[in-house]
Amino acid sequence: MGRLSLLPDALSGWMAAWDLSSQAAYAESYIVSQRSTGVLINPNSYGLWSVLAVVFSVFYLRGRTRAISIALALTGVYASESRTAMAALVVSLIVVALTGRGLDAILKMVALVAAAAVPLAVLNWFGMLQSFFSESTLERMRSGWLVLTGRGVDENLAGRFEAWDLARTMSADHWLGTWGPPQVTLGQSIDSQYLALFLQGSLPLLLAYLLLLISPLIVLPKRRRRPFVALSVAVATMSLTATAFENMAAMGLVWCALVIDALRLRAYGDETVRSEVAEVSHDKVAAA
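Computed from a predicted model, the values in this text were never measured in an experiment.

Draft legend 1. Here's a closer look at the overall build of the chain. Broken down by element type, the chain carries 14 helices and zero strands. Helices (α) and strands (β) of the chain occur, in sequence order from the N terminus, as α-α-α-α-α-α-α-α-α-α-α-α-α-α. Taken over 288 residues, the chain has a buried fraction of 41%. Relative to all contacts within the chain whose residues are 6 or more apart in sequence, the contacts with residues 24 or more apart total 64%. Accessible surface for the chain amounts to roughly 16,100 Å². Of this, 65% is attributable to carbon and sulfur atoms.

The structure is reproduced here in structure tokens:
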């Protein structure tokens, strides 16, 4: 709303100042302008939250509430300007469609995505779309595409590669792991959950994390695994360039899904628990 000048200057200015002071209090390196962070500190964390909100809405909300929630969550994914979050969203939605039962599930997903595009169409109708799509966002997407195709260099990615190279050097000195937060030893953040866990606990800890991510495919029956497979895929993708699992605030919806699944199982038994899109809400469980 601030980007679209829909808030009074006094309010939007106060909110921007609050964001900057909060980021600076955490670490100077977290001061980010333009990119949205929600009520979190890091825009990548907000991107992860928004991706999980899309998946959560698909499986655990119904009707108009679900459509509105998906639209707002998609807005959050874009406003975070996190390229990894956008990739995680695409991958997780593909997984949702592919794990559905036949063509019907795919058509439902297409309908949901189309419905979520309505707010962007409205913004475009009133001439606000260009204001929302900031130049920095378009440049980040273009830069990321050039890097992927081998035709450019991105300063943000270059900084990550440098940090990862330092981490690789540190792993030779701590071959059993740092047994503590590796960013303290390294002196800077490590924007990869896989690398951070490898440095902290070596290969056993990394393998434990990978096992956790694929656990829905191992421990859950087919009729209950769809939401958790989609959530795990989103977290796994975000873990490439962010410490996703360590951010409990951004991961909150995963734990909510686990609680809902446990309540359903307790109330209805394994044979009647279903995970189909649009068949995801039960009054008894909601009351519990």
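Now, onward.
Draft legend 2. Representation of the pattern of salt bridges. One pass over the structure, following the stated rule, counts one salt bridge. The salt bridge involving Asp 261 is made with Arg 224; its shortest N-O contact spans 2.6 Å. Remark: Arg 224 occurs in helix H12 (residues 222-238) and Asp 261 occurs in helix H13 (residues 252-268); sequence separation between them is 37 residues. Judged by its relative accessible area of 9%, Arg 224 falls in the buried class.

Draft legend 3. Local environment of the confidence of the model for the chain. Confidence in the prediction of the chain, expressed as mean pLDDT, is 76, and 65% of residues score 70 or more. Element-level mean pLDDT values for the chain span from 46 in helix H14 (residues 283-287) up to 92 in helix H2 (residues 43-60). Note on residues 275-288: pLDDT is under 50 here. Beyond four places in sequence and across chains, it has 38 contacts.

Draft legend 4. Representation of helix H3 (residues 63-79). Across its 17 residues, H3 extends 25 Å between first and last C-alpha, which sits within 8% of the 24 Å expected from 1.5 Å per residue. Among all positions of H3, only Arg 66, Ile 70, Ala 71, Ala 73, Gly 76, Val 77, Tyr 78 and Ala 79 are buried. Directly beyond the C-terminal end of H3, a positive phi value near 60° is found at Glu 81.

Draft legend 5. Fine view of the packing of H12 against H13. H13 packs onto H12 with a crossing angle of 175° between their chain directions and a minimal axis gap of 11 Å. The orientation of H12 relative to H13 falls into the category roughly antiparallel. Counting all contacts with H12, which are made through Arg 224, Phe 228 and Leu 231, the residues of H13 involved are Val 254, Ala 257, Leu 258, Asp 261 and Leu 265. Split into classes, the residues belonging to the contact of H12 with H13 amount to six nonpolar, no polar and two charged.

Draft legend 6. Focus on the packing of aromatic side chains. As enumerated under the stated definition, the model contains five aromatic pairs in all. Ring geometry for Phe 56 against Tyr 60: centres 4.8 Å apart, planes inclined by 35°, an arrangement best described as tilted. Here Tyr 60 and Phe 56 lie together in helix H2, a separation of four residues that amounts to about one turn. The residues Phe 56 and Tyr 60 share a single accessibility class, namely buried. Through a chain of ring-to-ring contacts, three or more aromatic side chains come together here, namely Tyr 194, Tyr 209, Phe 245 and Trp 255.

Thresholds applied
- Residues numbered from 1 in each chain as written.
- Predicted model: local features only at pLDDT ≥ 70, side-chain atom pairs only at ≥ 80, totals over all residues.
- Heavy atoms only, no water.
- Helix = DSSP H or I, 4+ residues; strand = E, 2+ residues; numbered from the N terminus.
- Buried < 20%, exposed > 50% of the residue type's maximum accessible area, 1.4 Å probe, protein only.
- Contact = heavy atoms within 4.5 Å.
- Areas by Shrake-Rupley, 256 points an atom, 1.4 Å probe, with all protein chains shown as cover.
- Salt bridge = Lys/Arg side-chain N within 4 Å of Asp/Glu carboxyl O.
- pLDDT = per-residue confidence, 0-100.
- Expected span 1.5 Å × (residues − 1).
- Axes fitted to C-alpha atoms, helices over the stretch in contact; angles between N-to-C directions.
- Parallel < 35°, antiparallel > 145°, perpendicular 65-115°, else oblique.
- Nonpolar A, V, L, I, M, F, W, Y, C, P; charged D, E, K, R; others polar.
- Phe/Tyr/Trp six-rings, centres within 6.5 Å; stacked < 30°, edge-to-face > 60°.

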